[in-house]
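Next come the chains, spelled out residue by residue.
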Amino acid sequence: MPSRTDADETADTAFLAELRSRIPADRVLTGGPEYTRAVALFNAAVDVRPSVVVRCASTTDVQAAIRASCNHGVPLSVRGGGHDFWGRAFRPGGLVLDLTAMRGVQVDVDHRYATVGGGALSSDVVSAAERAGLTAVTGTAGSVGMVGLTLGGGYGPLLGQFGLAADNLLSAEVVLADGSRVNTDAEHHPDLFWALRGGGNFGVVTSARIRLHPVPTVVSGTILYPIDESAGILADLGGILQDSPDELTVDVGFLPGPDGKPTVYVAPTWSGNLEVGNARNGPVRTLARLGTPVLAEIGPVARSTTLAATDAMFPPGRMGAIRTRTVQSVTGSVATVLDRAAREFTSPFSAIVWHQFHGAATRPPLGSTAFGRREPHLMVELISMWENGETKDHTGGGDGRYSHLHWLEETHAALEPFSLPGGYVNFLGPETPDQVANSYGPNTKRLLAVKSAVDPDSVFSATPLPTSTADA
Ligand SMILES: Cc1cc2nc3c(=O)[nH]c(=O)nc-3n(C[C@H](O)[C@H](O)[C@H](O)COP(=O)(O)OP(=O)(O)OC[C@H]3O[C@@H](n4cnc5c(N)ncnc54)[C@H](O)[C@@H]3O)c2cc1C
């Protein structure tokens, strides 16, 4: 490693001096307990360390920090909820625009929208909306950043009825790579607004206006079946998912059960009439009669409670890695691959979950937002998580042959022949360039054109973009 020179020190000093001349010094963190807290992410396996964290409190702070980083050639990144598996909220030795102090949420009940700070968590938005009898379209977890989720698309349990999180973005205030501030919506800077909905990082979203819906309570819950029943249950679910009404979105997968043995996991969310959703022979409770469940907890529940339940399943501070595949159904060979992978889980914290993409999410024309896939599909998450402190090459589970990462890579590779090209950008990383290249399909050309117009030097480089239209 090259040793640091006097010139490096002088540059650092000048950079910090500029930051501290524009932003209160107690919000410019370079060490100490506050810095240590600020660099803790969801995934403890991330070992990227930034040199400076700026706790931004306003759009003006964001602009000042971007300008200082440009003036001194320091790479920058943006931190929202800190849930990216790769730790793309940070860059090595870089400056972090930490938005965790910008979590305000204002609800306009009459017009059914929320104005949310760039660092608001999904749970912040849902809790505020719920107090007004409304809800927001989020993913399954409350601790995920609302904007981070939305920029990549945002699969979630209300997707069948209200589309992706990105489909519910009404407008955004964005600070661009040159430090300028723009307000974008369908009429103003429409290309930028198009790109923000699924296209990732084009600037810092300091505030966003999000559509709300009058569904504070859903019928939801968890059903677990023994893995030995998986063939029949997955076959039945294949048909049910294909025909499900917009109000019913079902996440399915495999989780280690209460006794450590893998189970089939079925997590329905009904966002329609509560009586219909909760009826004994209704579409939700029927899902608990596909076999002999070891657990079936279903009922009307506040959206905030369902988000908190997922947060409890995936607490921050463990180590992990993720891969994703997009498939048309989990039947036949795909079901066989995933069933085998579940039986070989190397950790009690690992999981396989597929999100159903259907209904309202499939209706916007493919070119209407940057999001790269609009036909019905299942987005499969392969999640390997292990206790902080174990090495990633730990050998455990199954017959002892697999380390956590081998399990992940082998399952990901085994799914390839049955998968559609591309993948979900919020879960794609540098290890899967072929999937990145195909993640935007016919939207690639426009997306790259917007990128060169608003961020020609790729100051915002976190979300992997295809390198050329020839890739797609
Ligand atoms: C436990 C868990 C559950 C998840 N569940 C779902 C799910 O149900 N559905 C789904 O679609 N995804 C899900 N995800 C994936 C999640 O949507 C992405 O990882 C998302 O990018 C996280 O956003 P964040 O703000 O929390 O993370 P961060 O790591 O802070 O940021 C992620 C990326 O977004 C950028 N970013 C964040 N905020 C801003 C902003 N205001 N302006 C500009 N750029 C910003 C960051 O620079 C970074 O590139 C889940 C992830 C985890 C770990």
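Keep in mind that what you see is a predicted model, and the values were worked out from it rather than measured.

Peer 1: Account for the domain arrangement of the chain, naming residues and giving values.
Peer 2: Interface size, as often reported, equals the accessible area lost upon joining of the parts. As assigned here, the chain comprises domain 1 (8–98), domain 2 (105–213) and domain 3 (217–427). Distance between the C-alpha centres of domain 1 and domain 3: 35 Å. Across the boundary between the two partners, domain 1 contributes 9 residues, which contact 16 residues of domain 3. Buried area between domain 1 and domain 3, summed over both chains or domains, comes out near 830 Å², and the portion from carbon and sulfur atoms is 66%. When the buried surface of domain 1 facing domain 3 is broken down by residue, Phe42, Phe85 and Trp86 rank first, second and third, together holding 59% of it. The interface formed by domain 1 and domain 3 includes 0 salt bridges.

Peer 1: Could you give me a rundown of the sheet that holds strand β3 (residues 76–79), with the residues and numbers involved?
Peer 2: The strand order β1-β2-β4-β3 describes an open sheet built from 4 strands, whose pairing is mixed. In this open sheet, the two edge strands, each paired with only one partner strand, are β1 (28–29) and β3. Against the sheet, helix α3 (residues 59–72) makes contact with β2 (52–55), β3 and β4 (95–98), and its axis sits at roughly 170° relative to β4, the strand it touches most.

Peer 1: Residue-level account of the site of the ligand, with values.
Peer 2: In the region of the ligand, 34 residues are neighbours, and Gly80, Gly81, Gly82, Tyr155 and Tyr424 sit closest. Asn426 is positioned with one of its side-chain polar atoms (N or O) 3.4 Å from an oxygen atom of the ligand. In isolation the ligand exposes 950 Å². Once the protein is present, 96% of that is buried. Only β3, α5 (146–152) and β10 (204–213) provide two or more residues apiece to the shell around the ligand. By residue class, the composition of the shell around the ligand is 17 nonpolar, 14 polar and 3 charged.

The rules we used
Residues numbered from 1 in each chain as written. Predicted model: local features only at pLDDT ≥ 70, side-chain atom pairs only at ≥ 80, totals over all residues. Heavy atoms only, no water. Domains from an automatic or database assignment. Contact = heavy atoms within 4.5 Å. Buried area = accessible area lost by both parts, 1.4 Å probe. Salt bridge = Lys/Arg side-chain N within 4 Å of Asp/Glu carboxyl O. Pairing = 2+ DSSP bridges. Helix = DSSP H or I, 4+ residues; strand = E, 2+ residues; numbered from the N terminus. Axes fitted to C-alpha atoms, helices over the stretch in contact; angles between N-to-C directions. Near = heavy atom within 4 Å. Polar contact = N/O pair within 3.5 Å; in protein donor to acceptor, adjacent residues only side chain to side chain. Areas by Shrake-Rupley, 256 points an atom, 1.4 Å probe, with all protein chains shown as cover. Nonpolar A, V, L, I, M, F, W, Y, C, P; charged D, E, K, R; others polar.

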